[in-house]
Amino acid sequence: DAEITQSPRHKITETGRQVTLACHQTWNHNNMFWYRQDLGHGLRLIHYSYGVHDTNKGEVSDGYSVSRSNTEDLPLTLESAASSQTSVYFCASSPGSEAFFGQGTRLTVV
Amino acid sequence: QKEVEQNSGPLSVPEGAIASLNCTYSDRGSQSFFWYRQYSGKSPELIMFIYSNGDKEDGRFTAQLNKASQYVSLLIRDSQPSDSATYLCAVDQGFQKLVFGTGTRLLVSP
């Protein structure tokens, strides 16, 4: 079955380190998204892509970057991790408006 | 910032009752609306989407949309303890980017 997977599922890193979260989907969807979920804020859009070599900033993009070199993958990089980036990160892909989510990555920055 | 508002709850209903979850949105131009269910520690799961004014039924779930009042709701009939979760309302803010509410926690007691 087609699916969307994230790795790692849990990550602890130190302040200032560069971290990359992986997202891989086998649905061949053009649209891919990264969200973070925090108590009291719900899901907030970080970056998104409508296809290969296309990337766009979302609502909370500062300190994050993405690249899209193929249809299947949209890795999220935290350039220099900060404690404020401790969160649960969800990747999603969609054929249109409806989004399908990966299992999430819980990131702790200490 | 286009907003989606939900009562955080918890909304407590007895088993077998109808649970009514509500959502309002600020962008009058929004066209597509989604309900996601999220169990604790899990990723959001798409339950229903609705594009047109009126009701849309799928099994025990009914989504209702009133664009004039900028209001979308989800009714869950014959609520079961397994329906206990957080329900997220999402609105397509354009170009297939979803804006999420913070969710309503539903508790169904046996």
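All of these numbers come straight from a predicted model, not from anything done at the bench. (Residues numbered from 1 in each chain as written. Chains lettered and ligands numbered in written order. Predicted model: local features only at pLDDT ≥ 70, side-chain atom pairs only at ≥ 80, totals over all residues. Heavy atoms only, no water.)

A.B. asks: Where do I start with the pairing of strand S5 (residues 42-51) of chain A in this structure?
C.D. replies: Remember that side chains alternate between the two faces of the sheet whenever the strand is regular. All names here are of chain A. Burial of S5 is extensive: nine of the 10 residues sit out of reach of the surface. Here strand S4 (residues 31-38) folds back onto S5 in antiparallel fashion, the turn holding three residues, of which Gly-40 has a positive phi close to 85°. Bridge analysis of S5 against strand S6 (residues 54-57) gives three bridges, and the strand direction is antiparallel. Counted as the bridge partner of His-47 is Lys-57 from S6. (Buried < 20%, exposed > 50% of the residue type's maximum accessible area, 1.4 Å probe, protein only. Helix = DSSP H or I, 4+ residues; strand = E, 2+ residues; numbered from the N terminus. Pairing = 2+ DSSP bridges.)

A.B. asks: Please explain the interface of chain A and chain B as it appears in this structure.
C.D. replies: Interface size is commonly expressed as the accessible surface area that is lost when the partners come together. Contact with chain A, which involves 21 residues of that partner, is made by 19 residues of chain B. Counting the surface chain A buries against chain B, the share from its top three residues, Leu-43, Ser-97 and Phe-101 of chain A, is 31%. Here chain A is connected to chain B by six residue pairs in polar contact (both at pLDDT 80 or more). Among the secondary structure elements, those contributing two or more residues to the side of chain A that touches chain B are S4, S5 and strand S10 (100-101) of chain A. At five residues, the largest contribution of residues to the side of chain A that touches chain B is made by S5 of chain A. The class makeup of the residues in the side of chain A that touches chain B is 10 nonpolar, nine polar and two charged. (Contact = heavy atoms within 4.5 Å. Buried area = accessible area lost by both parts, 1.4 Å probe. Polar contact = N/O pair within 3.5 Å; in protein donor to acceptor, adjacent residues only side chain to side chain. Nonpolar A, V, L, I, M, F, W, Y, C, P; charged D, E, K, R; others polar.)

The values are spatial; any link to function lies outside them.
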